[in-house]
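Results of the structural survey
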Amino acid sequence: MALLDILEFPDPRLRTQAKPVTQFDAALRKLTEDMLETMYDAPGIGLAATQINVHQQVIVMDVSEDKSQPMVFINPQITVVGGEKEYEEGCLSVPGFHENVVRPDVIHVKALNAQGEAFELQADGLLSVCLQHEMDHLNGVLFVDHISRLKRDRIRRKLEKQHKVAAPRS
Ligand SMILES: [Zn+2]
C-alpha cells in the first residue's frame, strides 16, 4: 500500500468532474486500499478520489469511533429523503479550517463496492454528512462553496500563503 498526496484548496484540479468507474479490477482495489490508508493516516473520516488527483467516482469512508468500519462507494448516487442538519465540517483538502454547513439530513445511497456489486443504504447524521461532502468532491465542489464568499476568500488567502511558504512539492 502507499500513501497518496492530497490536493489542497484552491488547487484547480479539485474542480474536476469525476467519471464513472467501468473496470472493477486489481488496480481499482489497490486504489481503494491506498485511499483508505491515506485517509486513516491523515487522519480523516472520508476521502474522494478527486482529492488525490484521480478523477473517477470512488469514495472511501470510515465514520466509526474506533476506525474499524472501512466503506467503499463506487459510482455513488444520492437521493435526498428529507430533513435538514447543520454540521461543522472540515476537509483534508482545506486543512486547518472548520465551518458550519447546512445539508439535507436523510439520504438514500446506491453504489457499487470494489468488486462491482451493487448495494443500497439509507443514511442520516454523520454518515449522511460525510457522504454528501465526498459526493461533492466527485462533482468538483468543496465544503467552502457552501459558506459565505467572504469566509471562503479568507480561507483561500491563508492557504495560498501557506502553500507559498511550504517547500515546492514534486
Ligand atoms: Zn473533503
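Our subject is the structure that appears above.
These numbers were taken from a predicted model, which means no experiment stands behind them.

1. A look at the coordination of the zinc ion
Taken together, C91 (SG), H133 (NE2) and H137 (NE2) make up the full set of protein donors to the zinc ion, lying 2.1 to 2.3 Å away. Sequence spacing among the residues donating to the zinc ion works out to C-x41-H-x3-H. Of the two residues, H133 and H137 both sit in helix α2 (residues 125–138), 4 residues apart, roughly one turn of that helix. Of the two residues examined, H133 and H137, each falls in the buried class.

2. Comments concerning the pairing of strand β7 (residues 118–123)
Both faces of the sheet carry side chains from a regular strand, because those side chains alternate between them. Bridging between strand β6 (residues 106–112) and β7 involves 6 bridges; their strand directions are antiparallel. Its bridge partner being in β7, H108 is matched across the sheet by Q122. The turn joining β6 and β7, which pair antiparallel and follow one another in sequence, is formed by 5 residues; a positive phi near 90 degrees is taken by G116.

3. Digging into the nonpolar core
M35, L47, V58 and V60 are the most contacted members of the largest nonpolar core, which totals 16 residues. Breaking this core down by element, the ones donating at least two residues are α1 (26–41), β2 (58–61) and β3 (71–82). Among the elements that line this core, the one with the most residues is α1, at 5 residues. Ignoring sequence-local partners within four residues, the contact set of L47 consists of I6, M35, T38, M39, I52, V58, I59, V60, L92 and E134.

Conventions adopted
- Residues numbered from 1 in each chain as written.
- Predicted model: local features only at pLDDT ≥ 70, side-chain atom pairs only at ≥ 80, totals over all residues.
- Heavy atoms only, no water.
- Donors = N, O, S within 2.8 Å, 3.2 Å for Na, K, Ca; no water.
- Helix = DSSP H or I, 4+ residues; strand = E, 2+ residues; numbered from the N terminus.
- Buried < 20%, exposed > 50% of the residue type's maximum accessible area, 1.4 Å probe, protein only.
- Pairing = 2+ DSSP bridges.
- Core = buried A, V, L, I, M, F, W, Y, C linked by side-chain atoms within 4.5 Å.
- Contact = heavy atoms within 4.5 Å.

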